[in-house]
Amino acid sequence: MSSSTDITVVHLMRHGEVENPDGVLYGRLPGYHLSELGRQMADRVAEHLSPRDVTYVCASPLERAQETATPIAKAHGLDLATDERLIEAENTFQGKTFGVGDGALRRPGNWKYLVNPMKPSWGEPYIDQVVRMMGALDSAKERARGHEAVLVSHQLPIWIVRSYVEKRRLWHDPRKRQCTLASLTTFTYRGDRIVSVGYSEPARDLVPAHLLAGAKPVKGQRGKGQGKAFGA
C-alpha cells in the first residue's frame, strides 16, 4: 500500500557515448552501439550507483540505452527491463547528417520541416514525449516504491520531461539542454508527487569538453566527436 510519506527516487539517465564516426543523426535507427568510451561511462555510473537502494532498472529498446543500463542492473543483481516509452524522439532528419554550421538549415528541401519549432514540425511533438515519459516515470515509481529506480533514455525526451515538471516551456534552444552523456536527472517522489528534481554528472571527466552541458558547438564539425551528440 502506498503512503504520502513514501520516498521514491527515479533516476533518468542519458546513455553513454555512441560509436558514430560519420556524424549521422541516428535517432531510432538500429545498430548504433556504445563506443569504448561510452562503455567506460556506463561502468562509471554503475559504480556511482552501486551503494544506492536501486531495485528496478529499465531502458529504452535502442542498443545504446540497453548497453548503458546493463552494468547498472548487473551491479544490483537485477534483470534489465525494457520500456518502449523511453525511446528516442522521432525525427524527420534521422539517418542524415545535420550538424551545426553544415548548411542544413539553408537547404530548401528542409524548410517544410522547420516551420514550427514550438511543436516541433520536424519530429515527435513535445507534448507526446511528455505523456510517454511521464508514464514511464510513473511505472518506475510504482515498481520501486520506497526505493530507487534507474531508467536509461535519450537526451531530448529527458530534457522535455524535466522541462515539463519544472514548468518551463517545452520549445527551447538544443544547445542549452542540461543533459550531458551518462548524466542523471533525478526525480524524488513523496508518495505520488514529485517534490524535487536534481541533476548530476558522475562520468563528467570522461565526457569530451565540447559535449558537456552548455558547451558551445564547434561550427561545421561532424564525424568523431561532434557527430556523436546527434540523435542522442
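Residues numbered from 1 in each chain as written. Predicted model: local features only at pLDDT ≥ 70, side-chain atom pairs only at ≥ 80, totals over all residues. Heavy atoms only, no water.

**A few points about helix α1 (residues 36–49)**
Helix length check: α1, at 14 residues, gives a terminal C-alpha distance of 20 Å against a target of 20 Å (1.5 Å per residue), a fit within 8%. Those residues of α1 that fall on the buried side of the exposure criterion are Gly38, Met41, Ala42, Val45, Ala46 and Leu49. All buried residues of α1 fall inside an arc of 135° around its axis, so they share one side. Structurally, α1 contributes buried residues whose contacts are with β1 (7–14), β2 (54–59), α2 (63–75), β4 (148–153) and β5 (184–190). (Helix = DSSP H or I, 4+ residues; strand = E, 2+ residues; numbered from the N terminus. Expected span 1.5 Å × (residues − 1). Buried < 20%, exposed > 50% of the residue type's maximum accessible area, 1.4 Å probe, protein only. Arc of directions from axis to C-beta. Contact = heavy atoms within 4.5 Å.)

**Section: the packing of helix α4 (residues 126–143) against helix α5 (residues 155–165)**
Between α4 and α5, the shortest axis-to-axis distance is 9 Å and the interhelical angle comes to 85°. The orientation of α4 with respect to α5, classified from their angle, is roughly perpendicular. Here Tyr126, Gln129, Val130, Arg132, Met133, Met134 and Leu137 of α4 come into contact with α5, specifically with Leu156, Pro157, Ile158, Ile160, Val161, Tyr164 and Val165. Looking at the contact of α4 with α5 residue by residue, the classes come out as 12 nonpolar, 1 polar and 1 charged. (Axes fitted to C-alpha atoms, helices over the stretch in contact; angles between N-to-C directions. Parallel < 35°, antiparallel > 145°, perpendicular 65-115°, else oblique. Nonpolar A, V, L, I, M, F, W, Y, C, P; charged D, E, K, R; others polar.)

**Describing the confidence of the model for the protein chain**
Regions with low pLDDT should not have their predicted coordinates read in detail. When pLDDT is averaged across the protein chain, the result is 86; 79% of the residues are at 70 or more. The low-confidence segment residues 219–231 (pLDDT under 50) makes 44 contacts with residues lying over four places distant or belonging to another chain. (pLDDT = per-residue confidence, 0-100.)

**Some words on the packing of aromatic side chains**
Inspection of the entire model under this criterion finds 1 aromatic pair. With centroids separated by 5.0 Å and ring planes inclined at 25°, the aromatic side chains of Tyr26 and Tyr32 adopt a geometry described as stacked. The class of Tyr32 is buried, set by a relative accessible area of 18%. One Lys or Arg, Arg169, reaches over the ring of Trp171 and ends 3.9 Å from the middle of that ring. (Phe/Tyr/Trp six-rings, centres within 6.5 Å; stacked < 30°, edge-to-face > 60°. Lys NZ or Arg CZ within 6 Å of the ring centre and 35° of its normal.)

**Some remarks on the nonpolar core**
Core analysis: the largest hydrophobic core is formed by 22 residues, its most contacted members being Met13, Met41, Val45, Ile72, Val150 and Val152. Taken together, the elements giving at least two residues each to this core come down to α1, β2, α2 and β4. Sequence-distant contacts of Met13, defined by excluding residues within four places in its chain, comprise Val45, Thr68, Ile72, Val150, Leu151, Val152, Ser153, Ile158, Ala182, Ser183 and Leu184. Met133, Ala149, Val161 and Phe187 belong to the second-largest nonpolar core, a separate cluster that totals 17 residues. (Core = buried A, V, L, I, M, F, W, Y, C linked by side-chain atoms within 4.5 Å.)

**A few points about the packing of α1 against α2**
Following both chains from N to C, one finds α1 and α2 inclined at 30°, their axes separated by 8 Å at the closest point. As far as their axial angle goes, α2 and α1 are roughly parallel. When the axes of α1 and α2 are compared, the crossing they make is right-handed. Across the interface between the two elements, Ala42, Asp43, Val45, Ala46 and Leu49 of α1 pack against Glu67, Thr68, Pro71, Ile72 and Ala75 of α2. Taken together, the residues that form the contact of α1 with α2 break down as 7 nonpolar, 1 polar and 2 charged. (Left-handed = near helix turned anticlockwise from the far one by under 90°.)

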